[in-house]
Amino acid sequence: MPAITFIHPDGKSDRVETGDGESAMQAATRHGLDGILAECGGNAMCATCHVYVDDGSLALLPAMADDEDALLDGTASERRPNSRLSCQIKITPALDGLVLRLPERQV
Ligand code: FES
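Residues numbered from 1 in each chain as written. Predicted model: local features only at pLDDT ≥ 70, side-chain atom pairs only at ≥ 80, totals over all residues. Heavy atoms only, no water.

A. Seen up close, the environment of Val 53. The topology assignment puts Val 53 in strand 3 (residues 50–53). Considered as a pair, Val 53 and Phe 6 are 47 residues apart in the sequence and their alpha carbons are 9.6 Å apart. If we skip the residues at most four places from it in the chain, Val 53 touches Leu 58, Leu 61, Asn 82, Arg 84, Ile 89, Leu 98, Val 99 and Leu 100. (Helix = DSSP H or I, 4+ residues; strand = E, 2+ residues; numbered from the N terminus. Contact = heavy atoms within 4.5 Å.)

The structure is reproduced here in structure tokens:
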């Protein structure tokens, strides 16, 4: 199974194994990771699963949908060009090794 790494604002990192068909958010919450709240359960309605995608991985992700784009305008931490909602990142074998940085806060 692909593994992805979350880097916390303090520099610590957590590498998590993803399950079949999981989103990055689902993998994070299944492992009890601090920093991903996912209040809406992955329905692209809350923006509390905000992450910054490592620059080297950005091109591997599918383009974002309009609802994700709109929600990212309301994140608690600043939106950056590499901001994404982790619930909308479905992990595929091609994303093995993906690095996602967590923002300072989600609410
Ligand atoms: S979990 Fe709510 S938008 Fe991602």
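Moving on from the model shown.
B. Layout of the nonpolar core. By size, the foremost hydrophobic cluster in this structure holds 26 residues, and its most contacted members are Ile 4, Phe 6, Ile 36, Ile 89, Leu 98 and Leu 100. Put simply, the parts of the chain that give this core at least two residues each are strand 1 (3–7), helix 1 (24–30) and strand 3. Looking at this core, the element that brings in the most residues is helix 1, giving 4 residues. The contact partners of Leu 100, leaving out residues within four places of it in the chain, are Ile 4, Thr 5, Phe 6, Ile 7, Ala 24, Val 51, Tyr 52, Val 53 and Ile 89. (Core = buried A, V, L, I, M, F, W, Y, C linked by side-chain atoms within 4.5 Å. Buried < 20%, exposed > 50% of the residue type's maximum accessible area, 1.4 Å probe, protein only.)

C. The sheet that holds strand 2 (residues 13–17), seen in detail. Here 5 strands make up an open sheet; going across it, the order is 2-1-5-3-4 and the pairing mixed. The open sheet terminates on both sides in strands that have one partner only, identified here as strand 2 and strand 4 (83–85). Averaged over neighbouring strand pairs, the angle between their axes works out to 35 degrees when direction is ignored. Pairing between strand 3 and strand 5 (residues 99–101): 2 bridges, direction antiparallel. Paired with Val 53 across the bridge in strand 5 is Leu 100. (Pairing = 2+ DSSP bridges. Axes fitted to C-alpha atoms, helices over the stretch in contact; angles between N-to-C directions.)

D. Summary view of the side chain of His 8. You can see His 8 is positioned in the loop between strand 1 and strand 2. With a relative accessible area of 15%, His 8 lands in the buried category. Those residues in contact with His 8 that sit more than four places away from it in its chain are Ser 13, Asp 14, Leu 33, Asp 34 and Leu 102.

E. Quick look at the pairing of strand 1. Summarising burial for strand 1: 5 of the 5 residues are buried, a large majority. Residue alternation in strand 1 divides its side chains into two sets, Ala 3, Thr 5 and Ile 7 and Ile 4 and Phe 6, and both sets are buried. Here 5 bridges tie strand 1 to strand 2, and the two strands are oriented antiparallel to one another. Residue pairing in the sheet places Ile 4 in a bridge with Val 16 of strand 2. Relative to strand 5, strand 1 is paired through 3 bridges, and the arrangement is parallel. Its bridge partner lying in strand 5, Phe 6 is registered against Leu 100.

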